[in-house]
Amino acid sequence: MPKGSAKLVASRKDEIVKAAETLYQTMNFKDITLKEIAELTTFTRTSIYNYFQTKEEIFLTLHKIEYERWIEDLESVINSHKSMTKDEIAKNIAHTLEKREQLLKLMSMNHFEMEANSRLEILTEFKVAYGNSIKTVKKLIEKFCRNMKEQEINDFIYALFPFIYGIYPYVAVDEKQKEAMKIADTGFIFHSVYELAFNAIKKLLMN
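Conventions adopted
Residues numbered from 1 in each chain as written. Predicted model: local features only at pLDDT ≥ 70, side-chain atom pairs only at ≥ 80, totals over all residues. Heavy atoms only, no water. Phe/Tyr/Trp six-rings, centres within 6.5 Å; stacked < 30°, edge-to-face > 60°. Helix = DSSP H or I, 4+ residues; strand = E, 2+ residues; numbered from the N terminus. Buried < 20%, exposed > 50% of the residue type's maximum accessible area, 1.4 Å probe, protein only. Lys NZ or Arg CZ within 6 Å of the ring centre and 35° of its normal. Axes fitted to C-alpha atoms, helices over the stretch in contact; angles between N-to-C directions. Left-handed = near helix turned anticlockwise from the far one by under 90°. Contact = heavy atoms within 4.5 Å. Nonpolar A, V, L, I, M, F, W, Y, C, P; charged D, E, K, R; others polar.

### Examining the packing of aromatic side chains
Next up, step 1: Throughout the structure, instances matching the rule amount to eight aromatic pairs.
Next up, step 2: Between Y24 and F59, the ring centres sit 5.3 Å apart and the planes meet at 70°, which makes this aromatic pair edge-to-face. Here F59 lies in helix α4 (residues 55-79) and Y24 lies in helix α1 (residues 6-24), a separation of 35 residues in the sequence.
Next up, step 3: Residue classification places Y24 among the buried positions, given a relative accessible area of 3%.
Next up, step 4: Aromatic side chains Y130 and F161 sit 6.2 Å apart centroid to centroid with 90° between the ring planes, which places their arrangement in the edge-to-face category. Of the two residues, Y130 sits in helix α8 (residues 120-144) while F161 sits in helix α9 (residues 150-165), which places them 31 residues apart along the sequence.
Next up, step 5: In this structure F161 comes out as buried when scored by relative accessible area, which is 3%.
Next up, step 6: Following the ring pairs from residue to residue traces out a cluster consisting of Y67, W70, F126, Y130 and F161.
Next up, step 7: Its end group placed over the ring of F29, K55 keeps NZ or CZ at 4.2 Å from the ring centre.
Next up, step 8: Above the ring of Y24, the side-chain terminus of K105 is found at 3.9 Å from the ring centroid.

### Examining the packing of helix α5 (residues 86-98) against helix α12 (residues 193-206)
Next up, step 1: Between α5 and α12, whose axes approach to 8 Å, the crossing angle comes to 145°. Remark: the crossing between α5 and α12 carries right-handed chirality. In this structure, α5 contributes K86, D87, I89, A90, K91, I93, A94, H95, L97 and E98 to the contact, and α12 contributes V193, Y194, A197, F198, I201, K202, L205 and M206.
Next up, step 2: Considered class by class, the residues forming the contact of α5 with α12 number 12 nonpolar, one polar and five charged.

### Describing the environment of M84
Next up, step 1: Within the secondary structure, M84 is located in the loop between α4 and α5.
Next up, step 2: Note on M84: relative accessible area 8%, which makes it buried.
Next up, step 3: The spatial distance from the C-alpha of M84 to the C-alpha of K64 is 29 Å, given a sequence separation of 20 residues.
Next up, step 4: Once residues lying within four places of it in the same chain are set aside, the contact partners of M84 are V77, I89, N92, L140 and F144.

### Structural notes on the environment of L8
Next up, step 1: For L8, the position within the fold is in helix α1.
Next up, step 2: Since its relative accessible area comes to 35%, L8 is described here as partly exposed.
Next up, step 3: Separated by 182 residues in the primary sequence, L8 and F190 place their C-alpha atoms 45 Å from one another.

Written as structure tokens, this is what we have:
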């Protein structure tokens, strides 16, 4: 167990996660090592093990934080509107996703390995944040689409979230990928996070 007060332990964990987040902005998950994370903190690689046993635990914690940030954005939408049309709902949810590109990037990772290589405690914390994001989207829909039945809301939720998990590969296309798709004649058309999310959410709400 790490030594120190709960506040101190939380602060040290936060420092480690922020270092991983900084690296993740320019590197892929598979290329990031605990040594590189340690170099951006006041810890040695060995001392990081006092707080996280694997790299996957660090990134699952970052993913949890990203869900919490998205929830804050959704709550802001809920609290700042008295009513919204379905078109306005789609626009507002799409804007919250547009701000959370890192969340979308984390969603596109291999969750089976990340979760399998994390302790139950950290996995549970992540699942709580994930579950709260579903509850918050449901809260938003219930407030502004009062004519939707419970089953219709659930159908919306379980169509929306799998869709969100697949957004990032469609918006993070590098030059080599563009060239390959051009040669393969895929007919790929680039869309922003907002465009993809707005169009999909609007269609889901209209069904």
